[in-house]
Amino acid sequence: MRWSQIFIPTLREAPAEAEVPSHILLLRGGYVRQLASGIYSYLPLAQRVVLKITRIIRDELDRMGAQEFALPALHPAEIWQESGRWEGMGPNMFRLKDRSDRDMCLGMTHEEVFASIARNELRSYRQLPQIWYQIQTKFRDEPRPKSGLLRVRQFTMKDSYSFDVDWEGLDRSYRKHYDLYCRIYDRCGLRYRVVEASSGMMGGSQSHEFMVLTDAGEDMVVHCACGYAANLEKATAELEPLQDEAGPDTPQPVPTPGQKTIDDISRFLGIPASRQIKSLIYRFGNQPLLVLVRGDHQLNEAKLHAVLGGEAHPALPEEIPAVAGADAGSLGPVEVAGLRILSDHALHGRRNLTCGANRNDFHLSGVTPGRDYQAEYFDLRVVQAGEACARCRSPLSIHKALEVGHIFKLGTKYSESMGATVLNSQGREVPVVMGSYGIGVESAGRPEGASGGQVQGCRPGRDSLPDQFREPQAGHGKGGMGGTSYRKDHGSRSGQAELPCAKPAFGRRLSDSRIEPVNIPACRAEAFGHGAVTGVGWMTPVVSMPARYGYSWERGRDSIWTRLPE
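Residues numbered from 1 in each chain as written. Predicted model: local features only at pLDDT ≥ 70, side-chain atom pairs only at ≥ 80, totals over all residues. Heavy atoms only, no water.

1. Some remarks on the confidence of the model for the protein chain
Logical step 1: Taken residue by residue, the protein chain gives an average pLDDT of 80. The fraction at 70 or more is 77%.
Logical step 2: Ignoring residues within four places in sequence, the model shows residues 468–566, a span with pLDDT below 50, making 232 contacts including any to other chains. (pLDDT = per-residue confidence, 0-100. Contact = heavy atoms within 4.5 Å.)

Here's what the structure looks like:
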């Protein structure tokens with residue numbers, strides 16, 4: 001298609017609602033337009049990228065022997081109730097009723113649907129292993145849709161599922177997908193890291209995330225020079241032991257009028273936060289529970305959910321007095337009746353600590369865990385930068401990142417609850433062992449993802465660009481460059497198409513010898529300040545450099561132009 005005919009509605013200025021670089025580039029480059037909060041229309045350039053990425057994904061999956069399905073996005077509530085996730089999904093799930101008043105939902109993911117097919121069709125270990133996949137629109141009622149495609153309520157996802165007769169088979173399927181994802185992201189030009197991750201609402205015994213470090217990301221990655229890397233929701237670290245002074249034989253009440261927070265108590269009593277107990281009331285289902293962490297630590301809700309096997313929610317302020325006898329800010333674990341107490345490991349073995357007295361405006365000093373209260377101990381805290389790596393004791397670093405893929409070892413979580421079983425080689429009926437593997441298709445095409453978080457000076461993979469331009473081909477069309485047009489390469493599988501250049505911004509024609517097409521990020525082109533942006537790709541415009549400015553330019557290793565010293 002000729003440039004004069006293609007629809008690319010670029011913008012001169014960044015819209016007010018665009019905050020992160022990817023959102024600005026997508027809007028200004030003519031890729032997307034917003035229809036509603038978290039809902040976007042993909043214009044021709046964005047659709048080209050999505051189709052190229054899905055082609056890469058299909059190519060690699062088909063080569064691995066996976067089989068593609070097309071499943072419904074509208075699900076009956078019954079299959080989600082069978083797996084136990086109907087309530088667990090909470091408000092993130094779009095729910096509706098049909099005209100017969102039956103509960104329905106829009107699919108966020110398809111474990112239940114694939115498991116229902118497996119239980120009806122798979123009978124013997126001779127039918128396994130199986131790898132099934134689909135590329136489909138998913139829906140999520142995102143509470144804070146913002147930042148362009150970073151938080152959306154409708155998105156395209158590749159989700160594949162493995163079915164094996166035993167855990168050794170799952171290990172092999174999981175490794176296949178791990179390697180598959182690396183190949184896909186390499187072809188998309190992503191600079192990614194593979195990190196240990198929490199399984200979250202998906203469940204299972206193990207999971208890994210594929211992350212791209214970027215300041216626009218909304219996940220946090222903890223990593224160490226030894227190679228350890230994990231999502232902040234999963235990360236662990238070693239703490240330096242603290243020495244506590246001997247305290248009284250029993251806890252002592254201390255008046256603390258108007259002092260509610262950890263910092264308030266530190267100033268009022270002169271006690272560091274590390275010697276305080278932070279007490280939090282949560283609800284798991286209809287049951288309240290008390291969660292304890294060290295005063296200078298933060299509760300990691302993902303770890304709490306993993307311990308409980310489902311989502312827990314903070315109790316509302318008006319609910320807390322009925323549960324603990326006092327308002328938030330005066331809560332503690334001593335003499336609490338009828339509450340399950342979960343404590344972080346950092347409080348185990350401590351003594352002479354301070355906590356709320358479950359009586360407004362009073363705290364207790366001299367509290368010793370194990371003597372004054374009993375708790376169940378788990379890793380429940382958020383790791384902090386600078387803490388020691390659990391493997392090598394070196395300081396940990398924390399960086400923002402963008403998730404582009406996630407793989408899970410589901411095990412028998414869904415097959416047991418939904419009755420998906422087969423006969424093994426000994427003739428015994430066993431639950432199918434499942435794995436789940438997801439890729440956000442748009443994630444692989446976002447500018448931060450394509451550039452590894454550094455928009456300037458990086459070039460995304462050739463296979464995921466909407467257009468690659470060749471050298472000028474004289475005599476093709478009637479473009480604004482003296483009849484010269486540029487061919488864009490869609491790869492050997494798709495052939496070529498012609499795209500004549502637009503007219504230069506300088507008001508006069510330039511000869512072919514004074515112009516050369518080059519792949520270059522849009523923000524770099526603007527930074528040069530000279531030349532006409534004559535075509536836009538996924539962060540890849542074609543820039544015309546006029547010779548009349550007298551500068552000398554050379555193409556760098558990543559097809560980035562740099563000005564030579566005069």
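Additional details are given in the paragraphs that follow.
2. So, the environment of Tyr31
Logical step 1: Following the sequence through the fold, Tyr31 ends up in the loop between α1 (21–28) and β1 (32–36).
Logical step 2: Through-space distance from the C-alpha of Tyr31 to that of Thr10 is 8.4 Å; in sequence the pair is 21 residues apart. (Helix = DSSP H or I, 4+ residues; strand = E, 2+ residues; numbered from the N terminus.)

3. Topic: unusual backbone geometry
Logical step 1: Here the amide bond leading from Leu128 into Pro129 is cis, since omega sits at 0°, within 30 degrees of zero.
Logical step 2: Relative to the elements of secondary structure, Pro129 occurs in the loop between α5 (111–121) and β7 (130–139).
Logical step 3: Positive phi, normally seen in glycine, also occurs at Glu335, with a value near 55°.
Logical step 4: Relative to the helices and strands, Glu335 resides in the loop between α9 (320–324) and β17 (340–344).

4. Considerations on the side chain of Lys278
Logical step 1: Of note, Lys278 is situated in strand β14 (residues 277–284).
Logical step 2: Notably, Lys278 is buried but unbridged: the nearest opposite-charge side chain belongs to Asp296, and the N-O separation is 7.7 Å.
Logical step 3: Engagement of the side chain of Lys278 in a polar contact is seen with the backbone oxygen of His297, the distance being 2.8 Å.
Logical step 4: Beyond its immediate stretch of four places on either side in the chain, Lys278 contacts Ile262, Val291, Leu292, Val293, Arg294, Gly295, His297 and Gln298. (Buried < 20%, exposed > 50% of the residue type's maximum accessible area, 1.4 Å probe, protein only. Lys, Arg positive; Asp, Glu negative; His and termini not counted. Salt bridge = Lys/Arg side-chain N within 4 Å of Asp/Glu carboxyl O. Polar contact = N/O pair within 3.5 Å; in protein donor to acceptor, adjacent residues only side chain to side chain.)

5. Brief notes about the sheet that holds strand β4 (residues 74–76)
Logical step 1: What the 3 strands build is an open sheet, ordered β4-β6-β5; its pairing is antiparallel. At either margin of the open sheet sits one strand with a lone partner, and together these are β4 and β5 (95–97). For this sheet, the mean angle separating the axes of adjacent strands, direction not counted, is 35°.
Logical step 2: Where β4 and strand β6 (residues 103–106) come together, 3 bridges link them in antiparallel fashion. Bridged to Leu74 within β6 is Leu106. (Pairing = 2+ DSSP bridges. Axes fitted to C-alpha atoms, helices over the stretch in contact; angles between N-to-C directions.)

6. Quick look at the state of the cysteines
Logical step 1: For the coordinates displayed, the defined rule picks out 0 disulfides.
Logical step 2: No disulfide involves Cys224; its nearest neighbouring cysteine sulfur is the one of Cys392, lying 3.4 Å away. (Disulfide = S-S within 2.5 Å.)

7. So, helix α8 (residues 301–308)
Logical step 1: For α8, the set of buried residues is Ala302, Lys303, Leu304, His305 and Leu308.
Logical step 2: Here the buried face of α8 lies against β14, β15 (287–294) and β17.
Logical step 3: N-capping of α8 is provided by Asn300, with a side-chain oxygen placed 3.1 Å from the backbone N of Ala302.
Logical step 4: A positive phi of about 80° marks Gly309, the residue just after α8.

8. As for the sheet that holds strand β13 (residues 252–255)
Logical step 1: Here 3 strands make up an open sheet; going across it, the order is β13-β19-β18 and the pairing antiparallel. A strand with exactly one partner marks an edge of an open sheet, and here the two such strands are β13 and β18 (353–356). Across the sheet, the axes of successive neighbouring strands diverge by a mean angle of 30°, strand direction being ignored.
Logical step 2: Here β18 pairs with strand β19 (residues 362–367) via 3 bridges, running antiparallel. Its bridge partner being in β19, Leu353 is matched across the sheet by Val367.

9. Structural notes on the nonpolar core
Logical step 1: Among the nonpolar cores identified, the biggest contains 31 residues, and Ile57, Tyr181, Ile184, Tyr185, Leu190 and Phe210 are the most heavily contacted of them.
Logical step 2: Within the residue set of this core, elements represented by two or more residues are α2 (44–64), β7, α6 (167–187), β10 (206–213), β21 (397–411) and β24 (433–440).
Logical step 3: No other element matches the 8 residues that α6 contributes to this core.
Logical step 4: Setting aside residues up to four positions removed in sequence, Tyr185 forms contacts with Leu190, Tyr192, Phe210, Val404, Gly405 and Ile439. (Core = buried A, V, L, I, M, F, W, Y, C linked by side-chain atoms within 4.5 Å.)

10. What to know about α6
Logical step 1: Here α6 contains 21 residues, and its C-alpha end-to-end distance of 30 Å stays within 8% of the 30 Å for a straight helix at 1.5 Å per residue.
Logical step 2: Among all positions in α6, only Gly169, Leu170, Ser173, Tyr174, His177, Tyr178, Leu180, Tyr181, Cys182, Ile184, Tyr185 and Arg187 are buried.
Logical step 3: Just beyond α6, the residue with positive phi is Gly189, at close to 80°. (Expected span 1.5 Å × (residues − 1).)

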